[in-house]
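Here's the letter readout for the chains.
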Amino acid sequence: MFLGFHFAARSDVGLIRSNNQDSAYAGPHLLVVADGMGGAAGGDIASSIAVGRLAALDGESHGSDEALDELKEAIADAHAEIVGRAQNDPELSGLGTTVTALLRAGSTLSMAHIGDSRAYLLRDGELDQVTTDHSFVQHLVDTGRISAADAEHHPKRSMLLRVLGDVDADVPVDISVRETREGDRWMLCSDGLSGVVSRDTLHKTLQEVEDPADCADALVSLALAAGAPDNVTCVVADVVDIDSVEDHVGPSTSTQIVGAAARDRHRPSAGGSSAAAKAARLSAPEESDDDEEPSRWERLWPKLRAWGLPIVALLVVAGGAWGAYAWTQNQYYVGEYDGRVAIYRGIPQELPLVDLHTLVELSTVELGDLPQYQQERIESTIRAGSLEDAFGVVDALEAEA
């Protein structure tokens, strides 16, 4: 018996997003789903890099012993390339991607997983989620802080703890080796499917729709009917005996690449004119077209913002400081200078490098000739509303002396 895959890959932009940042690959020996992130022209690049690096593994050249190491190496190369792209282009800062991949070698499957894309296995009628999400919400479930049911509707269920790219450091990827059995059905998907279609519905569809291509189409349609707020991508693959492949209707042997890696991120959603699509667009916030060629102003704005905002803030502070200083120069007070009563313009405070007061008039009144309480008043300074008022204070003190 010689086992192989009978497979199909599908990807749809969904009903809300303007471009597809998912990528998927399905071939005779390799299945991959990658869900990119990172904003305009970021997520699609990251997921495409991951699929491109992994696609080279789809062949007979590796044995079962080497497959796992080759899978690890391809994942590490994808991570390094994504990080390098982000470092060379500041506008791509933060780009990354999830990856869930199955590499068949003989009768074994090597699996790599990071992020919240998932792999499900339908075996003997039972559906198991083989991967564990690397997400904040899954961490809450694992530590017993919330239930799995609560996790499905948690507002932070999309917050990921691990992805390829994003940071210039080695990231831990879940690696495992699994048995291949004839009759197994594998389904890999992005969270655009698993996040909106219930596990029971996934189970029912995978069990009842026999052909992988029809099944993949049905799964995408279910996500679209549920509103598809994110890109929807899935790969469905049956493990079959190649020697008896004639017993299968139209087995797939040609490689299939879908999503951003296939350069179809602009392709409209298959549910674009449906009632669900219209309802989704009415309730969704407006989203700019990330793939539209940016104008010169849009390209310059990030740089202008980086330099301009600090300068504006500095000008505001400087303007405020100048306004405060100008106000002080319209104030007057009576104080002491060299043992005599004097008139000053400004305020009696001290600041480094800035003179907030200037001597305007030095009177003939000696401080020692005044009563003690007046001496204390002058030492504390006597505020005056104008220069004329200040002269009036000095005249009164002179008469009292």
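Bear in mind that the values here come from a model prediction, so they are computed numbers and not experimental data.

S.K.: I'd like a description of the overall build of the protein, backed by residues and values.
M.R.: Along the protein, the regular secondary structure elements total eleven helices and 17 strands. Within the protein, buried positions represent 42% of all 401 residues.

S.K.: Before we move on, could you go through the pattern of salt bridges and cite the residues and values that matter?
M.R.: Overall, the coordinates contain nine salt bridges when judged by the stated rule. Among the ionic pairs, Arg181 bridges to Glu179, the shortest N-O distance being 3.3 Å. Under the relative-accessibility criterion, Glu179 is labelled partly exposed at 45%.

S.K.: Run through the sheet that holds strand E16 (residues 357–366), naming residues and quoting values.
M.R.: Reading across the sheet, the four strands line up as E16-E15-E14-E17 and stay open at both edges, with antiparallel pairing between neighbours. Edge positions in the sheet fall to E16 and strand E17 (382–384), since each has one partner strand and no second. Pairwise comparison of adjacent strand axes, ignoring direction, gives a mean angle of 30° for this sheet. Two elements, strand E14 (residues 332–337) and E17, share three bridges in a ladder whose sense is antiparallel.

S.K.: Just give me the short version of the sheet that holds strand E7 (residues 118–123), but keep the residues and values in it.
M.R.: Strand order in the open sheet formed by five strands is E1-E12-E11-E7-E8, and the pairing between neighbours is antiparallel. The open sheet has two edge strands with one neighbour each: strand E1 (3–12) and strand E8 (126–129). Neighbouring strand axes in the sheet, compared pairwise and without regard to direction, differ in orientation by 20° on average. Across five bridges, the pairing between E7 and strand E11 (residues 185–189) is antiparallel. Bridged to Arg118 within E11 is Cys189. Set on the sheet, helix H7 (residues 212–225) makes contact with E1, E11 and strand E12 (232–241); between it and E1 the angle comes to about 30°.

S.K.: How would you sum up H7? Please name residues and give values.
M.R.: The terminal C-alpha atoms of H7, which comprises 14 residues, lie 20 Å apart, in line with the 20 Å expected from a rise of 1.5 Å per residue. Within the span of H7, buried status applies to Pro212, Cys215, Ala216, Leu219, Val220, Ala223 and Leu224. Where H7 begins, the side chain of Asp211 points an oxygen toward the backbone nitrogen of Ala213, at a separation of 3.1 Å. Looking one or two residues beyond H7, the residue adopting positive phi is Gly227, at roughly 110°.

Conventions and cut-offs
Residues numbered from 1 in each chain as written. Predicted model: local features only at pLDDT ≥ 70, side-chain atom pairs only at ≥ 80, totals over all residues. Heavy atoms only, no water. Helix = DSSP H or I, 4+ residues; strand = E, 2+ residues; numbered from the N terminus. Buried < 20%, exposed > 50% of the residue type's maximum accessible area, 1.4 Å probe, protein only. Salt bridge = Lys/Arg side-chain N within 4 Å of Asp/Glu carboxyl O. Pairing = 2+ DSSP bridges. Axes fitted to C-alpha atoms, helices over the stretch in contact; angles between N-to-C directions. Contact = heavy atoms within 4.5 Å. Expected span 1.5 Å × (residues − 1). Polar contact = N/O pair within 3.5 Å; in protein donor to acceptor, adjacent residues only side chain to side chain.

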